[in-house]
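The residues making up each chain are set out below.
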Amino acid sequence: MRKISAWIYKALEIAGGLLIGALVILIGIEVFFRYVVGNALSWPEEVCGFIFVWATMIGAVLCAKADSHAAVTVVLNLFPVRLRKLIRISLQIIVLVYGYLMITQGVKIMSLFGFEKSPAAGISLVWEYSSIPVAGVLLIFYASLKIFATLVGDEK
(Lines give C-alpha, C1' and ligand atoms only; values in the text may rest on other atoms or scores of the structure.)
Protein backbone atom coordinates (compact mmCIF):
# COMPACT_ATOMS: atom_id res chain seq x y z
CA MET A 1 0.00 0.00 0.00
CA ARG A 2 2.93 2.33 0.64
CA LYS A 3 4.09 1.97 -2.95
CA ILE A 4 0.64 2.85 -4.26
CA SER A 5 0.44 5.79 -1.87
CA ALA A 6 3.89 7.02 -2.91
CA TRP A 7 3.07 6.59 -6.61
CA ILE A 8 -0.19 8.56 -6.26
CA TYR A 9 1.59 11.25 -4.26
CA LYS A 10 4.30 11.59 -6.92
CA ALA A 11 1.68 11.72 -9.69
CA LEU A 12 -0.19 14.44 -7.79
CA GLU A 13 3.03 16.43 -7.32
CA ILE A 14 3.75 16.24 -11.04
CA ALA A 15 0.15 17.11 -11.96
CA GLY A 16 0.18 20.05 -9.55
CA GLY A 17 3.45 21.33 -10.98
CA LEU A 18 2.16 21.00 -14.54
CA LEU A 19 -1.04 22.82 -13.63
CA ILE A 20 0.86 25.70 -12.03
CA GLY A 21 3.14 25.85 -15.09
CA ALA A 22 0.08 25.94 -17.36
CA LEU A 23 -1.35 28.78 -15.27
CA VAL A 24 1.83 30.83 -15.68
CA ILE A 25 1.91 30.22 -19.43
CA LEU A 26 -1.77 31.01 -19.98
CA ILE A 27 -1.62 34.16 -17.88
CA GLY A 28 1.50 35.21 -19.81
CA ILE A 29 -0.34 34.65 -23.10
CA GLU A 30 -3.31 36.66 -21.86
CA VAL A 31 -1.08 39.54 -20.73
CA PHE A 32 0.80 39.47 -24.05
CA PHE A 33 -2.37 39.62 -26.12
CA ARG A 34 -4.01 42.24 -23.91
CA TYR A 35 -1.10 44.69 -23.59
CA VAL A 36 1.21 43.98 -26.52
CA VAL A 37 -1.19 42.95 -29.28
CA GLY A 38 -4.00 45.12 -27.90
CA ASN A 39 -6.65 42.45 -28.43
CA ALA A 40 -7.49 40.41 -25.34
CA LEU A 41 -8.43 36.77 -25.75
CA SER A 42 -11.65 35.65 -24.10
CA TRP A 43 -10.83 32.06 -23.17
CA PRO A 44 -7.57 32.09 -21.11
CA GLU A 45 -9.21 33.57 -18.03
CA GLU A 46 -11.83 30.81 -17.92
CA VAL A 47 -9.32 28.05 -18.55
CA CYS A 48 -7.11 29.49 -15.79
CA GLY A 49 -10.11 29.31 -13.45
CA PHE A 50 -10.54 25.60 -14.20
CA ILE A 51 -6.82 24.96 -13.74
CA PHE A 52 -6.72 26.96 -10.51
CA VAL A 53 -9.55 24.92 -8.98
CA TRP A 54 -7.81 21.65 -9.87
CA ALA A 55 -4.44 22.93 -8.60
CA THR A 56 -6.07 23.99 -5.33
CA MET A 57 -7.74 20.61 -4.81
CA ILE A 58 -4.54 18.73 -5.63
CA GLY A 59 -2.61 21.04 -3.31
CA ALA A 60 -5.06 20.38 -0.48
CA VAL A 61 -4.63 16.62 -0.90
CA LEU A 62 -0.84 16.94 -1.00
CA CYS A 63 -0.86 19.03 2.18
CA ALA A 64 -3.17 16.58 3.95
CA LYS A 65 -0.97 13.62 2.99
CA ALA A 66 2.28 15.35 3.98
CA ASP A 67 0.82 16.77 7.22
CA SER A 68 1.91 20.22 6.11
CA HIS A 69 -1.34 21.80 7.24
CA ALA A 70 -1.61 23.85 10.40
CA ALA A 71 -1.10 21.71 13.46
CA VAL A 72 -0.44 22.35 17.12
CA THR A 73 2.05 19.57 17.83
CA VAL A 74 3.32 21.28 20.97
CA VAL A 75 -0.08 20.84 22.58
CA LEU A 76 -0.52 17.33 21.14
CA ASN A 77 2.82 16.23 22.62
CA LEU A 78 1.63 17.20 26.11
CA PHE A 79 -0.84 14.29 26.11
CA PRO A 80 0.01 10.69 26.94
CA VAL A 81 0.81 8.44 23.95
CA ARG A 82 -2.54 6.62 23.96
CA LEU A 83 -4.53 9.84 24.09
CA ARG A 84 -2.30 11.29 21.36
CA LYS A 85 -3.17 8.31 19.15
CA LEU A 86 -6.86 8.80 19.87
CA ILE A 87 -6.62 12.48 18.94
CA ARG A 88 -4.76 11.66 15.70
CA ILE A 89 -7.36 9.07 14.76
CA SER A 90 -10.19 11.48 15.63
CA LEU A 91 -8.68 14.14 13.39
CA GLN A 92 -8.38 11.67 10.52
CA ILE A 93 -12.00 10.61 11.03
CA ILE A 94 -12.97 14.25 10.59
CA VAL A 95 -10.97 14.25 7.33
CA LEU A 96 -12.82 11.06 6.29
CA VAL A 97 -16.19 12.73 6.92
CA TYR A 98 -15.08 15.83 5.03
CA GLY A 99 -13.88 13.68 2.12
CA TYR A 100 -17.22 11.85 2.10
CA LEU A 101 -19.06 15.20 1.99
CA MET A 102 -16.81 16.35 -0.85
CA ILE A 103 -17.71 13.24 -2.82
CA THR A 104 -21.46 13.33 -2.22
CA GLN A 105 -21.88 17.09 -2.60
CA GLY A 106 -19.45 17.27 -5.52
CA VAL A 107 -21.45 14.64 -7.40
CA LYS A 108 -24.64 16.62 -6.67
CA ILE A 109 -23.05 19.80 -8.02
CA MET A 110 -21.86 17.93 -11.11
CA SER A 111 -25.35 16.59 -11.76
CA LEU A 112 -26.97 20.00 -11.26
CA PHE A 113 -24.57 22.13 -13.27
CA GLY A 114 -22.57 19.63 -15.31
CA PHE A 115 -24.63 20.19 -18.44
CA GLU A 116 -23.53 23.84 -18.60
CA LYS A 117 -20.54 25.05 -20.56
CA SER A 118 -18.23 27.94 -19.82
CA PRO A 119 -19.25 30.94 -21.94
CA ALA A 120 -15.96 31.81 -23.64
CA ALA A 121 -14.08 28.50 -23.82
CA GLY A 122 -17.12 26.25 -24.23
CA ILE A 123 -15.73 23.68 -21.78
CA SER A 124 -18.18 21.54 -19.83
CA LEU A 125 -18.33 22.58 -16.19
CA VAL A 126 -18.10 18.88 -15.26
CA TRP A 127 -14.34 19.27 -15.72
CA GLU A 128 -14.22 21.93 -13.03
CA TYR A 129 -16.69 20.40 -10.60
CA SER A 130 -15.21 16.89 -10.87
CA SER A 131 -12.20 18.13 -8.91
CA ILE A 132 -14.30 18.11 -5.73
CA PRO A 133 -15.20 14.39 -5.58
CA VAL A 134 -11.77 13.39 -6.91
CA ALA A 135 -10.12 15.30 -4.07
CA GLY A 136 -12.60 13.73 -1.64
CA VAL A 137 -11.63 10.23 -2.73
CA LEU A 138 -7.94 11.03 -2.36
CA LEU A 139 -8.47 12.58 1.09
CA ILE A 140 -10.33 9.46 2.22
CA PHE A 141 -7.53 7.27 0.84
CA TYR A 142 -4.77 9.11 2.69
CA ALA A 143 -6.79 9.54 5.91
CA SER A 144 -7.52 5.80 5.95
CA LEU A 145 -3.83 5.04 5.55
CA LYS A 146 -3.00 7.39 8.41
CA ILE A 147 -5.59 5.80 10.68
CA PHE A 148 -4.19 2.36 9.90
CA ALA A 149 -0.62 3.56 10.48
CA THR A 150 -1.60 5.09 13.82
CA LEU A 151 -3.37 1.91 14.93
CA VAL A 152 -0.44 -0.35 14.09
CA GLY A 153 2.13 2.14 15.39
CA ASP A 154 3.77 2.73 12.02
CA GLU A 155 3.43 6.54 11.88
CA LYS A 156 5.72 8.72 9.82
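Residues numbered from 1 in each chain as written. Predicted model: local features only at pLDDT ≥ 70, side-chain atom pairs only at ≥ 80, totals over all residues. Heavy atoms only, no water.

Peer 1: Please give an account of the overall build of the protein chain that cites residues and values.
Peer 2: What the protein chain contains, in helices and strands, is six helices and zero strands. Its helices and strands taken in sequence order, the protein chain reads α-α-α-α-α-α from the N to the C terminus. Relative to its length of 156 residues, the protein chain is extended, with a C-alpha radius of gyration of 19 Å against a globular reference of 15 Å. Taking the principal axes of its C-alpha atoms as reference, the protein chain extends roughly 65 × 35 × 30 Å. Counting all 156 residues of the protein chain, 29% fall into the buried class. Partitioning the contacts of the protein chain with sequence separation of at least 6, the portion at a separation of at least 24 is 74%. Here the protein chain has roughly 10,100 Å² of accessible surface; of this, 73% comes from carbon and sulfur atoms. (Helix = DSSP H or I, 4+ residues; strand = E, 2+ residues; numbered from the N terminus. Rg over C-alpha atoms; globule rule 2.2 N^0.38 Å. Buried < 20%, exposed > 50% of the residue type's maximum accessible area, 1.4 Å probe, protein only. Contact = heavy atoms within 4.5 Å. Areas by Shrake-Rupley, 256 points an atom, 1.4 Å probe, with all protein chains shown as cover.)

Peer 1: Explain the packing of aromatic side chains residue by residue, including any values.
Peer 2: Scanning all chains against the criterion turns up three aromatic pairs. With 5.7 Å between their ring centres and 90° between their planes, phenylalanine 32 and phenylalanine 33 make a pair best called edge-to-face. When its relative accessible area of 42% is taken as the criterion, phenylalanine 32 is described as partly exposed. For phenylalanine 33, a relative accessible area of 28% translates into the label partly exposed. Between phenylalanine 113 and tyrosine 129, the aromatic rings sit 6.3 Å apart at their centres with planes inclined by 55°, giving tilted as the arrangement. Of this pair, phenylalanine 113 sits in helix H4 (residues 81-113) while tyrosine 129 is found in helix H5 (residues 126-129), placing the two residues 16 residues apart along the sequence. (Phe/Tyr/Trp six-rings, centres within 6.5 Å; stacked < 30°, edge-to-face > 60°.)

Peer 1: Describe the environment of lysine 146, with residues and values.
Peer 2: Mapped onto the secondary structure, lysine 146 falls in helix H6 (residues 131-152). C-alpha of lysine 146 to C-alpha of glutamine 92: the two residues are 54 residues apart in sequence and 7.2 Å apart in space. When residues no more than four places from it in sequence are discounted, the contact partners of lysine 146 are Ala64, Lys65, Asp67 and Gln92. A distance of 2.5 Å separates a polar atom in the side chain of lysine 146 from the backbone oxygen of alanine 64. (Polar contact = N/O pair within 3.5 Å; in protein donor to acceptor, adjacent residues only side chain to side chain.)

Peer 1: Break down the confidence of the model for the protein chain for me, citing the residues and quoting the values.
Peer 2: Summary statistics for the protein chain give a mean pLDDT of 91 and a share of 96% for residues scoring 70 or more. Predicted confidence in the protein chain is weakest over helix H3 (residues 73-76), with a mean pLDDT of 73, and strongest over helix H1 (residues 2-37), with 95. (pLDDT = per-residue confidence, 0-100.)

Peer 1: Lay out the side chain of arginine 84 with the relevant residues and their values.
Peer 2: Note on placement: arginine 84 falls in helix H4. Look at arginine 84 and you get buried, because its relative accessible area is 19%. Each residue touching arginine 84, except ones within four places of it in the same chain, is listed here: Leu76, Asn77 and Phe79.

Peer 1: Explain H4 to me, and be specific about the residues and the numbers.
Peer 2: In this model H4 runs 47 Å from its N-terminal to its C-terminal C-alpha over 33 residues, within 8% of the 48 Å that 1.5 Å per residue would give. Three or more residues of H4 are buried, namely Arg84, Ile89, Gln92, Gly99, Met102 and Gly106. (Expected span 1.5 Å × (residues − 1).)

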